[in-house]
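A structural walkthrough
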Amino acid sequence: MAIQFDCPFCTSTLKVPDATAGKQGDCPRCGTKLVIPNPFAAGSATPPAEAATAAPVPPQVDAPTPPPASSDSAQASEMPPGDVAVSVPRSSATAQYLRKRRKSNVGGVVLFLFFFTVMAGVAGYFYWNFGLRLEGNLVAARISPEGAKLEKRLMPENAGVSEEVIKAVNQNLLETPRRVQSDLMEMLFYGPEKGGLEVRLKPGAKTELVRVDLTGDPALMDYINKQGTQLDQPRSAELQSSLKNFYTDWNEFIQTQSVMPDLLHYRNSVGVNSLLGGLGYHTEARVNHKIYPCVHDDFKGGLYFLVPKGTLQFNIQGREMDNGWTTFPGKYEVQVTQEYQSQP
């Protein structure tokens, strides 16, 4: 003789030996912990199926949806050896219940996504209309041709190359400085007597250097103070990587006298990057829909741009990076209010 009862969660009909009456076990179909009813207890007038319904131990977490039957019988994972529960295929009522439960779960997910989208839209609306606004007007001054020169000495001890390579490249550039010239700018790489790598930038034949005063916008200065370190991370990482490649490529050129490294590439990734700060790295000037680079940050509230000679007005805005993102959210109209300084 066997005890027969229904699982209260998945409604599977289970059969177990009489010896398991009153013991705990797991439903082999859905895993619900339950107490096997004892129809032999004194004074028990409750049918086995109803007693099982009242006796199960409620699970602490939602049990997963019962898997499809793969055999006619299974052994409960937590029952003692010999306590076997035989399941009966689901009834149509059980299948209908499980379908409704799955539909209910899907509906809850859809409702959550709907409310999340609405809240994100509301937050975006308020940020756009009442949040940080980096836009307005700024002023700039031309730098006289005599003073339009930017220099930076790089000490590449932490570039990730050997000291012998650094000395060989610096000595080569001390003996033979290398110049990259274009209508936009002139960049010189040379090795000074005191060691290191020196870069020197001057405007090209058709451009001039202007300094934009950022202190006229307190919101912009506050943005720089709060975001400056984060803005500078990609510039610093690119400079370190490019400096290592520069020394490696140039040393190979010295040793093999093969093709000279691409100095135009290193003009930007090493030369210009060494003169910039975080904000300058993420901005550019636009004059008549043409892009002109930021080439220096003096960390005193001034950004320096190369623009066509005689420019009276231009815009500065965020630069689109290689990954397609534009980090700097601002857009400013700049008026060039001062002419060249006279030569003393």
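None of the values given here were measured: they were computed from a predicted structure. (Residues numbered from 1 in each chain as written. Predicted model: local features only at pLDDT ≥ 70, side-chain atom pairs only at ≥ 80, totals over all residues. Heavy atoms only, no water.)

What follows deals with the overall build of the chain. When its secondary structure is counted, the chain shows six helices and 15 strands. Counting all 344 residues of the chain, 38% fall into the buried class. Here the analysis covers contacts within the chain between residues at least 6 apart in sequence; of these, 61% occur between residues at least 24 apart. When the accessible surface of the chain is summed, it comes to about 20,100 Å², and 54% of that surface belongs to carbon and sulfur atoms. (Helix = DSSP H or I, 4+ residues; strand = E, 2+ residues; numbered from the N terminus. Buried < 20%, exposed > 50% of the residue type's maximum accessible area, 1.4 Å probe, protein only. Contact = heavy atoms within 4.5 Å. Areas by Shrake-Rupley, 256 points an atom, 1.4 Å probe, with all protein chains shown as cover.)

Moving on, we get to the pairing of strand β2 (residues 13-17). As defined by bridge partners, strand β1 (residues 2-6) adjoins β2 across five bridges and the pair is classed as antiparallel. Paired with I3 across the strands is V16, a residue of β2. Hairpin connection between β1 and β2: a loop of six residues separates the two successive antiparallel strands, and T11 in this loop has a positive phi of roughly 65 degrees. (Pairing = 2+ DSSP bridges.)

This part takes up the confidence of the model for the chain. Here the chain averages 80 in pLDDT, while 75% of its residues score no lower than 70. Throughout residues 67-90 the model reports pLDDT below 50, and contacts reaching past four residues in sequence, or to other chains, amount to 46 contacts. Note on residues 124-131: pLDDT under 50 across the span, and three contacts to partners over four residues away in sequence or across chains. (pLDDT = per-residue confidence, 0-100.)

As a further point, take the sheet that holds strand β7 (residues 178-181). In space, the four strands of this open sheet follow the order β6-β9-β8-β7, with antiparallel pairing throughout. Every other strand in the sheet has two partners, leaving β6 (150-154) and β7 as the edge strands with one partner each. Averaged over all pairs of adjacent strands, the angle between strand axes in this sheet comes to 15 degrees, irrespective of strand direction. Here helix α4 (residues 218-256) sits on the sheet in contact with β6, β7, β8 (185-190) and β9 (197-203), set at roughly 105 degrees to β9. Those strands touched by helix α5 (residues 263-275) are β6, β7, β8 and β9, and its axis lies near 85 degrees from that of β8. (Axes fitted to C-alpha atoms, helices over the stretch in contact; angles between N-to-C directions.)

In this section: the layout of surface pockets. For the largest pocket, the calculated volume is near 450 Å³. Considering the residues around the largest pocket, the lining is formed by 21 residues, among which E238, N268, N273, Y281 and R319 are closest to the centre. Taken together, the elements giving at least two residues each to the lining of the largest pocket come down to α5, α6 (278-281), β11 (283-287) and β12 (290-297). A per-element tally of the lining of the largest pocket places α5 first, with five residues. Considered class by class, the residues forming the lining of the largest pocket number ten nonpolar, six polar and five charged. (1 Å grid on protein atoms, 1.4 Å probe; cavity = no way out; pocket = protein on both sides within 12 Å on 5 of 7 lines; lining within 4 Å. Points joined across faces, edges and corners; volume = space filled by probe spheres on them. Nonpolar A, V, L, I, M, F, W, Y, C, P; charged D, E, K, R; others polar.)

With that out of the way, let us pick up the packing of aromatic side chains. Describing an aromatic ring pair means giving the distance of the ring centres and the angle of the ring planes. Applying the stated rule across the entire model yields seven aromatic pairs. Site record: aromatic cluster; members linked through ring pairs are F189, F246, Y247, W250, F253 and Y266. (Phe/Tyr/Trp six-rings, centres within 6.5 Å; stacked < 30°, edge-to-face > 60°.)

Moving on to the sheet that holds strand β15 (residues 331-338). With mixed pairing, seven strands are arranged side by side around a closed barrel as β5-β10-β13-β12-β11-β14-β15. Averaged over all adjacent pairs, the angle separating strand axes in this sheet is 35 degrees, with direction ignored. With five bridges joining them, strand β14 (residues 313-318) and β15 adopt antiparallel strand pairing. Along β15, the bridge assignment pairs Q313 with Q335.

Together, V109, F112, L113 and F116 line one region of the surface with nonpolar side chains, adding up to about 440 Å² of accessible area. Checked against the element boundaries, F116 lands in helix α2 (residues 92-130). Judged by its relative accessible area of 53%, F116 is exposed. (Patch = residues over 30% accessible without salt bridge, like charges linked within 9 Å, V, L, I, M, F, W, Y side chains within 5 Å. Salt bridge = Lys/Arg side-chain N within 4 Å of Asp/Glu carboxyl O.)

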